[in-house]
Amino acid sequence: MNMKQKRQGFIGFGNLTKAVYRGLKEERELSFSYFARSKKEEPIPFYEKLDDLVAVSDVLWLGVKPQDLGGILEQLKYCPLHGKTIVSPVAGKSISYIERYLGKDQLIIRIMPNLAMAYKKSVTSFTSNRPDDEKAKEIYMLLGKLGKVVELEEEGFDLFTSVFGSGPAFILAFIQIFKDKMQEFNLPGPLLDELLLELTQGTTLYFAQNQKDYSIEELIRNITSKGGTTQAGLEYFRNQQIGKHFEGVLDAARRRSEEMRKNGD
Ligand SMILES: NC(=O)c1ccc[n+]([C@@H]2O[C@H](COP(=O)([O-])OP(=O)(O)OC[C@H]3O[C@@H](n4cnc5c(N)ncnc54)[C@H](OP(=O)(O)O)[C@@H]3O)[C@@H](O)[C@H]2O)c1
């Protein structure tokens, strides 16, 4: 891939932008630097002033928490941004919110990724205020190196954030329930983690290998023998409406994303 926007500048260098960096650092033609409140261990240039980072960057990744975004944009609007691309993974903050500071002419890309970017396994939604711009298309391609990317209307971002942005935490919370239950065996914690990892990877592989030919319901059915243990567990699952309760987790996250958007807009 022959990237025109080579210089990646991270505004904030926390969990998310570090994951972007880790996922892309092998890309030979790209360079990386960051601006944050304090210098980190990573071996890439650190800038104490936002203007200095902007001057050496083609793409600016907004890697701060939603509540800090306004303060950063307030500084950014005085920086020379002509020809640069803004990429925002910030939950609940719309393109129009960013445009309010930087203007409508600024190329802004909004994404919702997750931390698996570091392993090139993110599921990332993508939208832009200029989808036909070559630079926007280039960022879309770049995100494709970090996992799967889908173009999505901005209205869909709240639900997408809940399922794919927060999703890894919810799946891990589920695995934690298995781990808590296994405490009965008195096995060391790290061994338990290894066993649960094998369970998760085995399940994912089973899903991956059969996903084209079978629905999830069919894959569950293949593990369920009549009158057996899985059936007993699944009956409890259905009778107690565990699925419905779990849906509540996703709805709560989605509502929070909506609230953040409304408070900021
Ligand atoms: N974490 C996820 O899984 C995830 C997934 C999807 C989207 N996102 C979005 O990504 C964004 C970042 O999340 P995160 O988890 O990476 O947050 P984080 O780990 O808390 O990192 C935030 C970074 O922002 C920097 N920062 C905050 N205020 C600053 C300021 N005034 N000037 C300069 N730097 C400042 C912090 O600098 P210091 O370290 O020096 O304090 C830190 O490096 C959020 O908006 C979130 O919605 C996160």
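Only a predicted model underlies this, so the values are computations on that prediction, with no experimental measurement involved.

In this section: the overall build of the chain. The number of helices and strands found in the chain is 11 helices and 8 strands. Expressed along its principal axes, the backbone C-alpha trace of the chain runs to roughly 70 × 35 × 35 Å. The long-range share in the chain, meaning contacts at least 24 apart out of those at least 6 apart in sequence, stands at 60%. Summed over its atoms, the accessible surface of the chain is roughly 16000 Å², and 54% of this surface lies on carbon and sulfur atoms. Averaging the coordinates of the 37 positive side-chain charges in the chain and doing the same for the 36 negative ones gives two points 2 Å apart.

Turning our attention to the site of the ligand. Around the ligand sit 22 residues, and of these Phe13, Leu16, Ser38, Lys40 and Val64 come closest. Residue Arg37 places a main-chain N or O atom 3.0 Å away from an oxygen atom belonging to the ligand. Coverage of the ligand by the protein amounts to 81% of the 900 Å² it exposes when considered alone. Breaking the shell around the ligand down by element, the ones donating at least two residues are helix H1 (15-24) and helix H3 (66-76). Per-element accounting of the shell around the ligand gives the leading share, 3 residues, to H3.

Sheet topology note: the strand E7 (residues 122-128)/strand E8 (residues 147-151) ladder contains 5 bridges and is parallel. Directly across from Phe126, in E8, lies its bridge partner Glu151. Once the chain exits E7 it traverses helix H5 (residues 134-144) before rejoining the sheet at E8, and the crossover so formed is right-handed.

With that settled, the discussion passes to the domain arrangement of the chain. Reports often express the size of an interface as the amount of accessible area lost when the parts come together. Each assigned domain of the chain is listed with its residue range as follows: domain 1 (7-157) and domain 2 (167-262). Here domain 1 and domain 2 have C-alpha centroids that lie 32 Å from each other. When domain 1 packs against domain 2, close to 400 Å² is buried across both sides, 62% of that on carbon and sulfur atoms. Remark: the boundary between domain 1 and domain 2 carries 0 salt bridges. At the junction of domain 1 and domain 2, the tally comes to 1 residue pair in polar contact (both at pLDDT 80 or more). Broken down by class, the residue content of the side of domain 1 that touches domain 2 amounts to 2 nonpolar, 2 polar and 1 charged.

Attention now goes to the pairing of strand E6 (residues 107-112). Both faces of the sheet carry side chains from a regular strand, because those side chains alternate between them. Of all the 6 residues making up E6, 6 are buried; the element is thus mostly covered by neighbouring parts of the structure. Of the two faces of E6, the one lined by Leu107, Ile109 and Ile111 and the one lined by Ile108, Arg110 and Met112 are each fully buried. As for the winding sense of the linkage, the β-α-β connection from strand E5 (residues 85-88) through helix H4 (residues 95-102) to E6 is right-handed.

All right, on to the packing of H3 against H4 then. At a closest axis distance of 8 Å, the pairing of H3 and H4 adopts a crossing angle of 35°. The residues of H4 that touch H3, namely those facing Leu69, Gly70, Leu73, Glu74 and Leu76, are Tyr97, Ile98, Tyr101 and Leu102. Residue composition of the contact of H3 with H4, by class: 7 nonpolar, 1 polar and 1 charged.

To continue, consider the packing of helix H7 (residues 167-182) against helix H8 (residues 189-210). One way to put it is that H7 packs onto H8 with a least axis distance of 10 Å and a crossing angle of 130°. Between H7 and H8, the interaxial angle falls into the category oblique. For H7 against H8, the interelement crossing comes out right-handed. Residue-level inspection shows Ile175, Phe178, Lys179 and Met182 of H7 in contact with H8, the latter providing Gly189, Leu192, Asp193, Leu196, Leu199 and Thr200. Split by residue class, the contact of H7 with H8 holds 6 nonpolar, 2 polar and 2 charged.

If you trace the 8 strands from one edge of the open sheet to the other, you get E3-E2-E1-E4-E5-E6-E7-E8, paired in mixed fashion. The outermost strands of the open sheet, each flanked by one partner alone, are strand E3 (46-47) and E8. Looking at chain direction, strand E1 (residues 7-11) and strand E4 (residues 59-62) are connected through 4 bridges and run parallel. Within E4, the residue paired with Phe10 across the bridge is Trp61. In the packing of H3 onto the sheet, contacts are made with E1, strand E2 (31-35), E4 and E5, and the angle to E4 comes to roughly 155°.

Let us look at the nonpolar core. Within the largest apolar cluster, 28 residues are counted, with the highest numbers of intra-cluster contacts made by Phe10, Trp61, Ile111, Phe126 and Leu143. Taken together, the elements giving at least two residues each to this core come down to H1, E2, E4, E6 and H5. Leave out the neighbours within four places in its chain, and Phe10 touches Thr17, Val20, Tyr21, Phe32, Ser33, Tyr34, Phe35, Ile44, Leu53 and Trp61. Leu60, Leu62, Val64 and Ile95 belong to the second largest nonpolar core, which has 21 residues in total.

Rules used in this analysis
- Residues numbered from 1 in each chain as written.
- Predicted model: local features only at pLDDT ≥ 70, side-chain atom pairs only at ≥ 80, totals over all residues.
- Heavy atoms only, no water.
- Helix = DSSP H or I, 4+ residues; strand = E, 2+ residues; numbered from the N terminus.
- Contact = heavy atoms within 4.5 Å.
- Areas by Shrake-Rupley, 256 points an atom, 1.4 Å probe, with all protein chains shown as cover.
- Lys, Arg positive; Asp, Glu negative; His and termini not counted.
- Charge placed at Lys NZ, Arg CZ, Asp CG, Glu CD.
- Near = heavy atom within 4 Å.
- Polar contact = N/O pair within 3.5 Å; in protein donor to acceptor, adjacent residues only side chain to side chain.
- Pairing = 2+ DSSP bridges.
- Right-handed = clockwise from strand over helix to strand, strands pointing away.
- Domains from an automatic or database assignment.
- Buried area = accessible area lost by both parts, 1.4 Å probe.
- Salt bridge = Lys/Arg side-chain N within 4 Å of Asp/Glu carboxyl O.
- Nonpolar A, V, L, I, M, F, W, Y, C, P; charged D, E, K, R; others polar.
- Buried < 20%, exposed > 50% of the residue type's maximum accessible area, 1.4 Å probe, protein only.
- Axes fitted to C-alpha atoms, helices over the stretch in contact; angles between N-to-C directions.
- Parallel < 35°, antiparallel > 145°, perpendicular 65-115°, else oblique.
- Left-handed = near helix turned anticlockwise from the far one by under 90°.
- Core = buried A, V, L, I, M, F, W, Y, C linked by side-chain atoms within 4.5 Å.

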